[in-house]
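Commentary on secondary and tertiary structure
Take a look at the letters that make up each chain.
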Amino acid sequence: MQIILKSNQWCLMYRKANIWQTLQFGLLGLCALIVSGCGEVAVSNQIKQDGFIFCGQGAPSSFNPQLVDNDLATDAVSPQIFNTLVHLSSQSLELEPMLATHWSVDKTGTRYQLTLRQNVSFQTTHWFTPTRPLNAQDVVFTFKRIIDSTHPFHYVGGGNYPWFDAIGFSHTLKDVKALDEHTVLFELYQPDNTFLSNLSTTYSSIHSAEYAAQLQAIDQKQRIDQYPVGTGPFYLDKFSINDFIRLRRNEHYWGTPAKMKQMVLDISSRGTGSLAKLLRGECDVLFSPRSSQIPTIQVHPDLELQAYPSMNVSFIALRTLNPALNDSRVRKALNLAINRNAVIDSVYYGYGTPAYSLLPPESWAYQQSSSQVRYDRNYARALLREAGYGNGLKLSLWVSLEPTAYNPSPRKVAELIQANFADIGVTLSIHHDERLSRTTFQSIKEADMILTGWSADTSDPDNVFRPLLSCGVGRTADNIASWCNSDFDSLIDLAKETTQKRYRVNLYHQVQHLLDEEVPILPIAHGMQFRVKHRSLKGFNTNPFNKLSFENVERAQ
């Protein structure tokens, strides 16, 4: 047994019964609940011999990436379990085959035909044994569930698909059909040159239609998201609620098998932080440490801190429903009041850059020409006086304290901005929580401003602009500024339909100029992705999209 439990009588009874080896589909959830109360989970030497332990920063909100957004734990687990039709190369960021071997687009730009890889097996787990390989029906099931409200699985898990809602996917994809066992046709309402890139994200992971049919037959449809089945290099072996998740190597993986036999995600919270566990050797890997932890990590002889570019941005969303924030002069004043260089120096330890646009500098459409993104307190005060707030203004800022790649220390950033705003006569009250999410922010009606951010999932600028600010998204979990501008929407729609890249670049430059004038969001900084690992481990992928892939990880002998 790779996970050793300090057990009481209940645990001993279940271990003697060898329950882990004989778990059946219906008993797995019950056992997980029992084990989670059996005491502290300790890591045995065997795990470190044939696997590694990932320091989690919370439990995944779902094993189905379709149902979540911006969840580090889900990002760590889902790419191991699931595959997508295509993926982006870590080096070139160009589309490459995955479950689809090749594809074609018709002259109208609205019909995408993909040919599937043959002899791809779904995982055999404690709760499912496949009888056939992947086929076109699995792809149809995956995407029909998202876009078709009459689909039997559409409302399983709540019927919300945050990332797809944010990009207006149901208004893009008209239908998906199986032309034969290995050919799929996607029909779009209008041309969309971002479509294939969107199929490369973790959210577009392919699920088993055969597994879904079995669950529907026994009226247990909700289990499809609780007990996942995919085609990825690892499968879910065991999990204990708020304790651990163990993934095992998929020996029947269609690609090159993973180099390590298992991966354990430690999601427990027993009074010690993730860094403390890492320092004690209880886990091997930690993503997105707090910036205050970096000096400790850098001097530890057994740990290696890695930093690499990330397509992200930290920003303050301004609730334009507030009368004061509905005035562009006030928004510009707040933008001019922020000393971004001080934020970089104090929070990012030299690993970040000031944000002059929502697009990160690595984007092919990036433009740094804004006169509005600079530090100018005098001009900021003048704009406030002109807007009628010369005697002061009171605003509230809501902050999630969970560190991310785009903001390694949200509390510190909020305090620095609070001091900046005080210099121009704006009194800022800060409200914070450890696990606030964009969905939570939408329900906080009294929030004037929200400190958050965005990590891009593709290299296309549409993946940043549309979710955060388009009218089509409306007042969803992502467009928390509740801002709508028809000119903005027209520009990003044209850029999505235009196939010539030079025209797209010009349109996205116009978008950035419009945002400079309207300032619905205050860009703060672009952060680096931080990863801390034990020096004995190697083979971690690096890509700018926070997509974590562990099949090449191995421990040096």
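What this report covers is the structure whose coordinates are included nearby. Just so it is clear, the model here is predicted, and its values are computed rather than measured.

Here we take up unusual backbone geometry. In this model, Asp 219 sits at a positive phi of 60°, which is unusual for a non-glycine residue. Checked against the element boundaries, Asp 219 lands in the loop between α9 (209-217) and α10 (223-226). A positive phi angle, close to 50°, is found at Val 519, a residue other than glycine. The residue Val 519 is located in the loop between α20 (501-518) and β20 (521-526) in this model.

Take the side chain of Ser 470 next. Here Ser 470 is to be found in the loop between α18 (462-469) and α19 (486-497). Of note is the side chain of Ser 470, whose polar atom sits 3.0 Å from the backbone oxygen of Arg 466. The contact partners of Ser 470, leaving out residues within four places of it in the chain, are Phe 465, Asn 479, Phe 488, Asp 489 and Ile 492.

In space, the seven strands of this open sheet follow the order β10-β11-β12-β3-β13-β21-β14, with mixed pairing throughout. Bordering the open sheet on either side are β10 (234-240) and β14 (303-309), each of which pairs with just one other strand. For this sheet, the mean angle separating the axes of adjacent strands, direction not counted, is 20°. When strand β3 (residues 51-55) meets strand β12 (residues 262-266), the two strands line up parallel, connected through five bridges. Looking at β12, one finds that Phe 52 is bridged to Met 263.

Turning our attention to the pattern of salt bridges. As enumerated under the stated definition, the model contains 25 salt bridges in all. Of the charged contacts, one joins Lys 496 and Asp 192 as a salt bridge, the two residues approaching to 3.7 Å between their closest N and O atoms. Of this pair, Lys 496 sits in helix α19 while Asp 192 sits in the loop between β9 (183-188) and α8 (195-199), and the two are 304 residues apart along the sequence. A single burial state applies to Lys 496 and to Asp 192, both of which are buried. Two residues, Arg 329 and Glu 386, come together in a salt bridge whose shortest N-O distance is 3.7 Å. Residue Arg 329 is located in helix α13 (residues 328-337), and its partner Glu 386 is located in helix α15 (residues 377-386); the two are separated by 57 residues in the primary sequence. Owing to a relative accessible area of 53%, Glu 386 belongs among the exposed residues under this scheme. Taken together, the shared-partner salt bridges in this structure form one network comprising Asp 237, Lys 238, Arg 246 and Arg 248.

The rules we used
- Residues numbered from 1 in each chain as written.
- Predicted model: local features only at pLDDT ≥ 70, side-chain atom pairs only at ≥ 80, totals over all residues.
- Heavy atoms only, no water.
- Helix = DSSP H or I, 4+ residues; strand = E, 2+ residues; numbered from the N terminus.
- Polar contact = N/O pair within 3.5 Å; in protein donor to acceptor, adjacent residues only side chain to side chain.
- Contact = heavy atoms within 4.5 Å.
- Pairing = 2+ DSSP bridges.
- Axes fitted to C-alpha atoms, helices over the stretch in contact; angles between N-to-C directions.
- Salt bridge = Lys/Arg side-chain N within 4 Å of Asp/Glu carboxyl O.
- Buried < 20%, exposed > 50% of the residue type's maximum accessible area, 1.4 Å probe, protein only.

As far as function goes, none of this settles anything; it's purely spatial.
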